[in-house]
Amino acid sequence: MTIDPNCAGVNRWPETDFHILLLSQAGRQQLSAIFRHNKRTANRSQFLTFLRQNAFNTRAGTYFPVSDRVQIRGKLPFQSDLFAQKSLSFPKEPLPVSFFSNALVISKDFGKPDFIAEAALPPRDRMTNCGAVVVTVEFDPATRGQFEEMLSWTRGSGGKFANSKFADVDRVLCRHREYRGYTIVYSGRSSLHFHFVFSTAHIRAVAFDSEADERRLRSEEASALMHNVHDRYWDRAAEIVTHELQPSFCPDEKMRNATQWRRLGGGVRQVEKETPFLGLEVGMRVPQLIVAENIRERTPRAADGYLVSPDITLSSPPPQRLRRLSTPLPYASFSDAAIGLMQDLCSSEWGSEYPMPVAIGQQNGDVVVRFKNHAVDRSPSTVCIGQHRKLLLAGNHELKGDFYLPDKMTADEFVRHVQLRCGAVSDPKAPIAAPSAIPPEFQVRKPVTCLADLRKRSREGSDALTDYIAHPFRGILQDTDDRESRIGKLRDALPDVVGRLRGTNSNYLLQLQEGAAKSTAHFKLIKSEAIYNAIEDGVVGFESFTAFASRSGVQAEEKAKEYEKLTGGDAVVIKPLRRTYEQMCLEESEKPIQDWEFRDGSLLGRLQTIKLAQPSVYIRLEEYRKALWRRGSRNLYNSSSTILFMTHSMAQFWAQSRFTRQLLNPGFDPGRPDNQMAERFGSEFRLSNVIYDELEADGFINLLREDLFSLIGREQRRYQSWRDLPRGQRLDAFSWLLSDKAIPGRPLSFEEFDSLMRLDMKMLERLEVNFDAIPYGYDNKPNGLYNRTHGNVFYVGQQTWFSASATRWGFLTTENLTRRIVEAVHGRMGRQLISFSMPDVPGIHPIRVPVVLDPRAGADQTGKEKVSLLAKDICDANPNAIVIADGAKGVDRVLTFQSAKGRNGLEEKDIYIVLTNLAPAKYEELNVLGQWLGIPDVISMFYQDQINQAVGRNTGFRLSTQRAARTVVITSKRFYASIIKAFDSKGRVQLYLCGEKHW
């Protein structure tokens, strides 16, 4: 075998004599025979046919990179077009190309005069699904013995390939539905490339038959997914090859890179590195031989199932090799899967475990990747920064030579690539950001020391009071903190933030993310605070309590138990008199007496009626009243040590709840007239501070349809002294309206009607539904479902309970819309409100959630179940599922969005969130509310709040460390197109379309 300088660049077979290689006779004879056979019949290569058919497809916008050299800009299709169309003289002459890689997307405008190659996305961001992927397991021996061992895998007894060891590899791979065969290529020097072909036509998330424009639209995310698909196939192929062949040396893991150049059988190689153990010298031209090949068109008969699910998405973590238990877990605020992928990429590139990437940070706005130099390196100081590729080795190490990040990536590109493949980037166009970067709101800030500093803060939009409140958060987070550390630090600092808010002695609003422990932060303070509040309010002869108000009585009881468990303090749950009475009736099998049946509406009159008609219930009521404030020998009627827990409505109207305050006062004496007790007990049982949790819009705003507004106005004119009328007369007036069915809309209770009759109607603002200002839905015709509400009249105004008493209120919420409402009503009333919202923290948020499209994600219709059927399907398929949806009937394990709010204990459940379109009546209310608040995107805000609340049941601060629970949003195609696609890409929850069913 000689060097022929006259053959450089000439496309003809080299005069290669494999008989002179320094191999055994069997090895020399095998290669010589293969070469002779290739020159006669290699044109029948099924793999070559497959490659040429897919080499360049303008309609699909795909190509297989092919080249006669590795230095080709961006693996662009400069030679692919000719390779696909030009008539070849093969095998009379060798192929004009020697390298190929996996299918990529053709860059837009490629081939046009103004195309700029340098502007094209790199190959790693353009991998696509053309219907198949090729994985290559390469063995590159370092000795003659290893080379002989490698060749022996392809020889069978009796000269039959079917009896070879490699044939066993093929038989095992045939168990997978997508396996389509192999081609084995001698590389022209010392290695064999085992190319395995897997069909990917079944992958739904990246359709193989997409057209060019569609592929280019989301090419980066599609490429990330296809890299993950490729790696799963590579790992399985390498596993089977290693198990069946039992090699004495390992495969080259560089070939785990999906877009790596690989050798094509039929090409020619010019030896670039001396190979003494074979007798090959630099400059020799050696053919790349097709050693063996079997490419199938159909699924193998022995196939059991898919190796890669048709429903794979980026929500599934990328494949990760098992590592020794001694390898420390990553400690950056980057997912374990992402750190593991970085480690796999680097070890494959360098052929060594170290340097090992373990953390992502930020330095002067640049991404910093930190590396361990060895197993016991506890202070990783080797880094790669920002736009650089080369690692800066530092600290103690025995590493030799220079290290560069894989695939010519910079640190920025490396982090982004990993984020994409782990599903942590929703918008491919978004700038790179370190996932562990500390937001400005949590960074240490120098104190204001002069007027110039104050002016600078003012120009930045900074508020001195907000800075003061947020100060406990500053400097507590480090870019090397993992997720659990950040959560712990934030929760530890939160009581100090709450303390500063409460120290303002003003109404305040605290907006936190779901599960951030806003209640717990208050519990730690209000126990010690209670005695000072009681003293400050001048407790002489009366009690002034701190209370915690929840949406429902059940939640109030849960919060009371949480408070007692956390603090060891005393908690008393205050229930409305009516609810307490109905519970006693249920326990005594008595039918509750309705409000209008109490002709004497006074407390004594009611009790007397119950005593005569239901004596057993009366006894139970007395027992409950007397036991309420007793725990053994201790008296809990003490505002300096006891915290009250109640419902929202009870807290709102505490000053007016004369009956409850009288009945539950330990000094209550049924023998005294009502007016004497009212005068005495009315001021003895007060609320000085209320923490109002999980806000609701209807607790702060009156929103009346025109017909109800007209009715109330008419009745107020009829009963001008309504407040002074005896209860019996007010009940009669209400009963007459009920019997005449004169009250429009939903049924009202007497208490609700009574409250409306006390409204100052002049304070309400008239607004019309304006479809043009706040459109909704896909049917915009004049008679469309939502457009037809245009012009309907509502009357809107703020409620005043929060400013009518001396009580100080602390409002807690996770929602943007309710925050805006509370801020607006305080502003309109001229009441001060200190509002503070904690920013999202990378590593905890944003949360990536898949969206599944299902036509059943809609309201049930007469004779046709939709959302109910969908909920049943999910719960039947997944016993661990909890469905959050409105309108689903007859299905266990379903919560409405309202009942799911604030719900704990779902951390390890699989949460399925079904979004459906608004009912027209709800659209009217949101339309008018949006106008009143000046929020044109009120509907989007409403849905994002719903999603945040539901997703927060088992993610974010509540993400379980015990079980990887699922969180899935399900909606219709139209809803996705009209609502979800318009969501803020920087929101707390980032939704992405997914083809996987997830149940």
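Just so it is clear, the structure is predicted and the values come from calculations on it, not from any experiment.

1. Notes on the pattern of salt bridges
On inspection of all chains with the given rule, the structure shows 49 salt bridges. The residue aspartate 170 makes a salt bridge to arginine 296 at a minimum N-O spacing of 2.7 Å. With aspartate 170 in helix α5 (residues 165-173) and arginine 296 in the loop between β12 (289-295) and α8 (336-350), this residue pair connects regions lying 126 residues apart in the sequence. The partly exposed category is assigned to arginine 296, whose relative accessible area is 22%.

2. Some details on the nonpolar core
If you look at the biggest cluster of nonpolar residues, it comprises 92 residues, and the most contacted ones within it are Ile574, Trp629, Leu644, Phe700, Phe811, Ile939 and Tyr943. It is helix α28 (residues 938-951) that provides the largest number of residues to this core, a total of eight residues. Once residues within four sequence positions are removed from consideration, tryptophan 629 is found in contact with Phe545, Val572, Ile574, Arg634, Asn635, Leu636, Tyr637, Leu644, Leu664, Pro666 and Phe685. By size, the runner-up hydrophobic cluster in this structure holds 85 residues, among which are Tyr179, Tyr233, Ala238 and Leu420.

3. Re the packing of helix α24 (residues 816-829) against α28
Running from N to C, α24 and α28 cross one another at 120°; their axes reach a closest spacing of 8 Å. With respect to α28, the axis of α24 lies oblique. Residues Asn816, Leu817 and Arg820 of α24 touch α28, and the partners they reach there are Val938, Met941, Phe942 and Asp945. A breakdown of the residues in the contact of α24 with α28 according to their chemical character gives four nonpolar, one polar and two charged.

4. What about the packing of helix α16 (residues 603-613) against helix α17 (residues 615-627)?
To describe two helices that pack against each other, one gives the angle between their axes and the distance between the axes. Look at α16 against α17: their axes get within 5 Å of each other, and the N-to-C directions meet at 130°. Considering their axes alone, α16 and α17 lie oblique with respect to each other. Residues Leu607, Ile610, Lys611, Leu612 and Ala613 of α16 lie in contact with α17, whose contacting residues are Pro615, Val617, Tyr618 and Leu621. Each residue belonging to the contact of α16 with α17 can be placed in one class, and the counts come to eight nonpolar, no polar and one charged.

5. With respect to the sheet that holds strand β30 (residues 894-895)
Taking strand neighbours across the sheet as the criterion, the six strands line up as β30-β29-β31-β32-β28-β33 in an open arrangement whose pairing is parallel. The sheet is open, and its two borders are formed by β30 and β33 (989-993), each paired with just one other strand. The pairing of strand β29 (residues 881-884) with strand β31 (residues 910-914) spans four bridges and is classified as parallel. If you follow alanine 881 over to β31, its bridge partner there is aspartate 910. Of the strands in this sheet, β29, β30, β31 and β32 (967-971) touch helix α25 (residues 867-877), which is tilted by about 165° from β29. Packed onto the sheet, α28 meets β28 (847-853), β29, β31, β32 and β33 and runs at close to 95° relative to β33.

6. Details of the confidence of the model for the chain
In this model, the chain carries an average pLDDT of 87, and 91% of its residues clear a pLDDT of 70 or more. Below pLDDT 50 for its whole length, residues 2-9 participates in eight contacts with residues either more than four positions away or in separate chains.

7. With respect to the environment of proline 850
Structurally, the position occupied by proline 850 is in strand β28. Here proline 850 falls in the buried class, since its relative accessible area comes to 5%. With 94 residues separating them along the chain, proline 850 and glutamine 944 place their C-alpha atoms 15 Å apart. The residues contacting proline 850, other than those within four sequence positions of it, are Thr967, Val968, Val969, Tyr992, Cys994 and His998.

8. Some words on the sheet that holds strand β25 (residues 793-798)
What the three strands build is an open sheet, ordered β23-β25-β24; its pairing is antiparallel. Edge positions in the sheet fall to β23 (701-705) and β24 (765-768), since each has one partner strand and no second. Pairs of neighbouring strands in the sheet enclose a mean axial angle of 30°, with direction left out of account. Alignment of β24 against β25, held across four bridges, turns out to be antiparallel. Residue pairing across strands places glutamate 765 opposite valine 796, the latter belonging to β25.

Criteria and cut-off values
Residues numbered from 1 in each chain as written. Predicted model: local features only at pLDDT ≥ 70, side-chain atom pairs only at ≥ 80, totals over all residues. Heavy atoms only, no water. Salt bridge = Lys/Arg side-chain N within 4 Å of Asp/Glu carboxyl O. Helix = DSSP H or I, 4+ residues; strand = E, 2+ residues; numbered from the N terminus. Buried < 20%, exposed > 50% of the residue type's maximum accessible area, 1.4 Å probe, protein only. Core = buried A, V, L, I, M, F, W, Y, C linked by side-chain atoms within 4.5 Å. Contact = heavy atoms within 4.5 Å. Axes fitted to C-alpha atoms, helices over the stretch in contact; angles between N-to-C directions. Parallel < 35°, antiparallel > 145°, perpendicular 65-115°, else oblique. Nonpolar A, V, L, I, M, F, W, Y, C, P; charged D, E, K, R; others polar. Pairing = 2+ DSSP bridges. pLDDT = per-residue confidence, 0-100.

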